[in-house]
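Listed below are the residues making up each chain.
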Amino acid sequence: MSSAPRGRSFPRCADWVAIGHSQGGHAALFTATLATDYAPDLRYLGAVAPAPASDIAEQYVEGVGPGTPDDVPAGGVAYFGYVLRGLKEARPAFDLAGYHTRSGAAFIEQAERLCLRELVDHVAEKGVTIGDSLREPMSEGTLPVVAPQVIDVPLEGYQRPVFLAHGNTDVDLPLALSEALVRELEAAGVQGLTFRVYDRSDRRTVLAASLADTALYVEALFR
């Protein structure tokens, strides 16, 4: 690893933009609501989020329970584990364990230490299912109140422009999710919101499809 020569200083760039794709887009939008207050000594300019994950609480928490069908792909089960592990980290005082079976608790422990590919392999090898991981429907109790506060995209706090992009053939994160998010953000009074849909693009290819637009957008923010 190289390092700067001793005695040489470099100018510090205080201008920055939050950029993320898919789960990273979800993180970029959260960052957008916190940036100006969290780091007032830096100049946050805006956010770019192609195919951002949204409406996670309803998809991964509120609609599942012991009777959830076993046909959820291993990747979907793995993401479910990460969502619950994130809830546990964000709200350690909340009794999330009351919803788990013993095997579910062991699965959450795996989600804490394994990266995605490893966790997907673990789910496939062990036959982990969402239904077998839960002893209670996650729609019961106070979890439906707690979960959206932690994992759903915030609808306020945006003090700088936001660019959202989505492909119209996305099956992992359907276009309808971002369309609904845009409506909610607009209803909440968010200003400076740009939303573009890209034909024949899915969750992955929307990155290339939107690159020219997002590059110009970011360049304009830095002017």
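**Overview of the pattern of salt bridges**
(1) Moving on: All chains considered together, the criterion is met by seven salt bridges.
(2) Moving on: The partner of Asp213 in a salt bridge is Arg196, and the shortest N-O contact between them spans 3.4 Å. Of this pair, Asp213 sits in helix α9 (residues 206–221) while Arg196 is found in strand β4 (residues 193–198), placing the two residues 17 residues apart along the sequence.
(3) Moving on: Linking Glu219 and Arg223 is a salt bridge whose minimum nitrogen-to-oxygen distance equals 3.7 Å.
(4) Moving on: Three or more residues are tied together by salt bridges with common partners; here these are Arg85, Glu89 and Glu112.

**Brief notes about the side chain of Ser22**
(1) Moving on: Of note, Ser22 is situated in the loop between β1 (15–19) and α1 (23–38).
(2) Moving on: If near-sequence neighbours (up to four positions away) are discounted, Ser22 is found in contact with Pro50, Ala51, Pro52, Ala53, Leu173 and Arg203.

**Things to note about the sheet that holds strand β3 (residues 162–167)**
Strands belonging to one sheet form pairs held by backbone hydrogen bonds; the direction of such a pair is parallel or antiparallel.
(1) Moving on: Spatial ordering of the open sheet is given by β1-β2-β3-β4, a layout of four strands whose pairing is parallel. Looking at strand neighbours, the two that pair on one side only are β1 and β4, the edges of this open sheet. Strand-to-strand twist across the sheet, computed as the mean angle between neighbouring axes with direction ignored, equals 15°.
(2) Moving on: Sheet topology note: the strand β2 (residues 43–50)/β3 ladder contains four bridges and is parallel. Bridged to Ala49 within β3 is Leu164.
(3) Moving on: Where α9 meets the sheet, its contacts fall on β1, β2, β3 and β4, and the angle it forms with β2 comes to roughly 165°.

Calculation criteria
- Residues numbered from 1 in each chain as written.
- Predicted model: local features only at pLDDT ≥ 70, side-chain atom pairs only at ≥ 80, totals over all residues.
- Heavy atoms only, no water.
- Salt bridge = Lys/Arg side-chain N within 4 Å of Asp/Glu carboxyl O.
- Helix = DSSP H or I, 4+ residues; strand = E, 2+ residues; numbered from the N terminus.
- Contact = heavy atoms within 4.5 Å.
- Pairing = 2+ DSSP bridges.
- Axes fitted to C-alpha atoms, helices over the stretch in contact; angles between N-to-C directions.

Don't take any of this as a statement about function, it's just geometry.
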